[in-house]
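Next come the chains, spelled out residue by residue.
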Amino acid sequence: MFTTRFVYRFAKSVPVVDVTAFLTKKGDTSAQCAQVAEALHNYGAICIKDPRVNDRHNVDFLDMMEKYFESRAAKFYNNEQVEDIFPNYAYQVGATPEFVEKARTHKNVVKQYTKENEALTPQPAPYDAKWRFFWPIDDSGKRPKDEDFQPPRFRPKDVPQFGERMEQWGKMMINGCLTVAEMAAIGMSIPADSFTSRMQNGPHLLAPTGSDLDRHKPGTIFAGFHYDLNFLTIHGKSRYPGLYVWLRNGERISVAVPEGHLLLQAGAQFDLLTGGYVTCGYHEVIYTEEAKKKYEENKKAGKSTWRVSSTLFSHINSDVTLQPLDKFAKTGLSPKYKPIKAFDQVQQELEAIKLK
């Protein structure tokens, strides 16, 4: 358990863009594309309004995952077998219990922040107090035959319409990522398919998380200070607050996703393809006092006390070499931008966060 200290001033919020005009090809959307590129550059994140996704989709998905996590946690803590857990696949399919995932140490990054923008996550980080479920999403109908690239799905037999809802939400999230990736490329004045072509047949993962607020207290680290290893991460609105992100300038802000919107965050693969023009956005999820108040309201009303995220990780195709694209291939870049296959990059990251 960690001391609570939530005294921060939040003068900024993640930019919001309605992508309807871009999708319908109505009018000149170059300004919107520039806004997407600028938001990813400065914030490492952006909120979008996507007309293909409505709030009911997010509500149904959260309802299902709350029940799922509640049932699996009950079995787990009663020492009953939970057949959904696959450490042999580095937990990249099925369920991951809490206190398995662990953010890598970022002492050199954290020490650069001012007192008012410091991370609450200790360094080295504790294991995350969250469950997760991984469901591979195929964006093309051509799943890789090599299971090292994408393990088979696990479908819980006791959850009605589980597969159908996972597929529906997952493909909506993939579409959102593809749209933002295309708009970002246009806004950066590079070919529109610079990112989307490299995302095709990527090992995309629908990866909702669940943290039981009934078991923990304010100050608990649900997701330690970290960046995501993939290309773009996307979520719908969670029912509980607690997500904080760091901007390019080192400022820490609380993220509040508007109703009916989606939040996207840049990951390490975006960083590697742009030579740091878009950096992988650091973030953490904390059990805050605000979340505690929401928990008390929901428990009194008989609602779920689980904080669930509707997260999807979109990836670059495993065979693609990650290196700065032509516009971003400048001399003097850090050695971290040397060419590496996306598959190898993912494996290295999984080893670093104790999942392989």
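Predicted model only: the values in this text are computed from it and were never measured.

1. Concerning the packing of aromatic side chains
Pairs of aromatic rings are described using the distance from one ring centre to the other and the angle between the two planes.
Line of reasoning, step 1. Inspection of the entire model under this criterion finds 22 aromatic pairs.
Line of reasoning, step 2. Members of the aromatic cluster, joined through ring pairs, are Tyr-68, Phe-69, Phe-133, Trp-135, Phe-162 and Trp-306.
Line of reasoning, step 3. The ring of Phe-22 carries Lys-25 above its face, with NZ or CZ at 4.3 Å from the centroid.
Line of reasoning, step 4. The ring of Tyr-244 carries the charged tip of Arg-252 above its face, separated from the ring centre by 3.8 Å.

2. Here we look at the sheet that holds strand 10 (residues 252-254)
Line of reasoning, step 1. Reading across from one edge, 7-12-9-10 is the order of the four strands in this open sheet, with antiparallel pairing throughout. Here the strands that pair on one side only, and so sit at the sheet edges, are strand 7 (221-226) and strand 10. Pairwise comparison of adjacent strand axes, ignoring direction, gives a mean angle of 20° for this sheet.
Line of reasoning, step 2. Direction of pairing for strand 9 (residues 243-246) relative to strand 12 (residues 283-286): antiparallel, over a ladder of three bridges. The residue of strand 12 that forms the bridge with Val-245 is His-283.

3. Here's the deal with the side chain of Thr-274
Line of reasoning, step 1. By secondary structure assignment, the location of Thr-274 is in the loop between helix 7 (268-273) and strand 12.
Line of reasoning, step 2. Under the relative-accessibility criterion, Thr-274 is labelled buried at 1%.
Line of reasoning, step 3. There is a polar contact of 2.9 Å between the side chain of Thr-274 and the backbone oxygen of Phe-270.
Line of reasoning, step 4. If sequence neighbours within four positions are ignored, Thr-274 has contacts with Phe-195 and Phe-328.

4. Structural notes on empty space enclosed by the protein
Line of reasoning, step 1. For the coordinates displayed, the defined rule picks out three cavities of 30 Å³ or more.
Line of reasoning, step 2. In this model, the largest cavity occupies a volume close to 60 Å³.
Line of reasoning, step 3. Val-53, Asn-54, Asp-55, Asn-58, Trp-169, Gly-236, Lys-237, Gly-260, His-261 and Leu-262 together form the lining of the largest cavity.
Line of reasoning, step 4. Taken together, the residues of the lining of the largest cavity sort by class into three nonpolar, five polar and two charged.

5. Some details on helix 8 (residues 289-300)
Line of reasoning, step 1. In this model helix 8 runs 17 Å from its N-terminal to its C-terminal C-alpha over twelve residues, within 8% of the 16 Å that 1.5 Å per residue would give.
Line of reasoning, step 2. All of the buried residues in helix 8 are Ala-291, Tyr-295 and Asn-298. Each buried residue of helix 8 lies within a common arc of 70° when the element is viewed along its axis, so the set occupies one face. Relative to its buried face, helix 8 has exposed residues pointing more than 90 degrees away, namely Glu-290, Lys-293 and Lys-300.
Line of reasoning, step 3. Gly-302 sits one or two positions beyond helix 8 and adopts a positive phi of about 80°.

6. Here's the deal with the nonpolar core
Line of reasoning, step 1. Counting 66 residues, the largest nonpolar core has Met-65, Phe-133, Phe-195 and Phe-270 as the members making the most contacts within it.
Line of reasoning, step 2. Sorting elements by how many residues they give to this core places helix 5 (residues 162-187) first, with 13 residues.
Line of reasoning, step 3. Val-14, Leu-213, Phe-222 and Val-255 belong to the second-largest nonpolar core, a separate cluster that totals 20 residues.

7. Comments concerning the pairing of strand 2 (residues 45-49)
Line of reasoning, step 1. Summarising burial for strand 2: four of the five residues are buried, a large majority.
Line of reasoning, step 2. Of the pairings in the sheet, the one linking strand 1 (residues 16-18) to strand 2 comprises three bridges and is parallel in character. Considered in strand 2, the bridge of Val-17 is made with Ile-48.

8. Thoughts on the side chain of Glu-349
Line of reasoning, step 1. Of note, Glu-349 is situated in helix 9 (residues 342-352).
Line of reasoning, step 2. You can call Glu-349 buried: its relative accessible area is 10%.
Line of reasoning, step 3. At 2.9 Å, the side chain of Glu-349 forms a polar contact with the side chain of Tyr-227.
Line of reasoning, step 4. If near-sequence neighbours (up to four positions away) are discounted, Glu-349 is found in contact with Arg-104, Tyr-227, Leu-229 and Ala-268.

9. Topic: unusual backbone geometry
Line of reasoning, step 1. Cis rather than trans, the peptide bond between Gln-123 and Pro-124 has omega equal to 0°.
Line of reasoning, step 2. In this fold, Pro-124 is placed in the loop between helix 4 (107-110) and strand 4 (131-137).
Line of reasoning, step 3. The residue Ser-189 is not glycine, and still its phi comes out positive at about 60°.
Line of reasoning, step 4. Inspection of the secondary structure puts Ser-189 in the loop between helix 5 and helix 6 (196-199).
Line of reasoning, step 5. By relative accessible area, Ser-189 is classed as exposed at 62%.
Line of reasoning, step 6. Its identity is not glycine, yet Asn-201 carries a phi of approximately 65°, on the positive side.
Line of reasoning, step 7. Relative to the helices and strands, Asn-201 is located in the loop between helix 6 and strand 5 (204-206).

10. Quick word on the pattern of salt bridges
Pairing between side chains of opposite charge can happen when their charged atoms approach one another.
Line of reasoning, step 1. What the rule picks out here adds up to 18 salt bridges.
Line of reasoning, step 2. A salt bridge links Glu-101 to Arg-132; its shortest N-O distance comes to 2.6 Å. With a gap of 31 residues between them, Glu-101 in the loop between strand 3 (94-96) and helix 4 and Arg-132 in strand 4 connect regions that are remote in the sequence. The exposure classification of Glu-101 matches that of Arg-132, with both residues buried.

11. Points about the environment of Val-16
Line of reasoning, step 1. Within the fold, Val-16 resides in strand 1.
Line of reasoning, step 2. Once residues lying within four places of it in the same chain are set aside, the contact partners of Val-16 are Gln-35, Cys-47, Pro-258 and His-261.

Reading guide: rules and limits
- Residues numbered from 1 in each chain as written.
- Predicted model: local features only at pLDDT ≥ 70, side-chain atom pairs only at ≥ 80, totals over all residues.
- Heavy atoms only, no water.
- Phe/Tyr/Trp six-rings, centres within 6.5 Å; stacked < 30°, edge-to-face > 60°.
- Lys NZ or Arg CZ within 6 Å of the ring centre and 35° of its normal.
- Pairing = 2+ DSSP bridges.
- Helix = DSSP H or I, 4+ residues; strand = E, 2+ residues; numbered from the N terminus.
- Axes fitted to C-alpha atoms, helices over the stretch in contact; angles between N-to-C directions.
- Buried < 20%, exposed > 50% of the residue type's maximum accessible area, 1.4 Å probe, protein only.
- Polar contact = N/O pair within 3.5 Å; in protein donor to acceptor, adjacent residues only side chain to side chain.
- Contact = heavy atoms within 4.5 Å.
- 1 Å grid on protein atoms, 1.4 Å probe; cavity = no way out; pocket = protein on both sides within 12 Å on 5 of 7 lines; lining within 4 Å.
- Points joined across faces, edges and corners; volume = space filled by probe spheres on them.
- Nonpolar A, V, L, I, M, F, W, Y, C, P; charged D, E, K, R; others polar.
- Expected span 1.5 Å × (residues − 1).
- Arc of directions from axis to C-beta.
- Core = buried A, V, L, I, M, F, W, Y, C linked by side-chain atoms within 4.5 Å.
- Salt bridge = Lys/Arg side-chain N within 4 Å of Asp/Glu carboxyl O.

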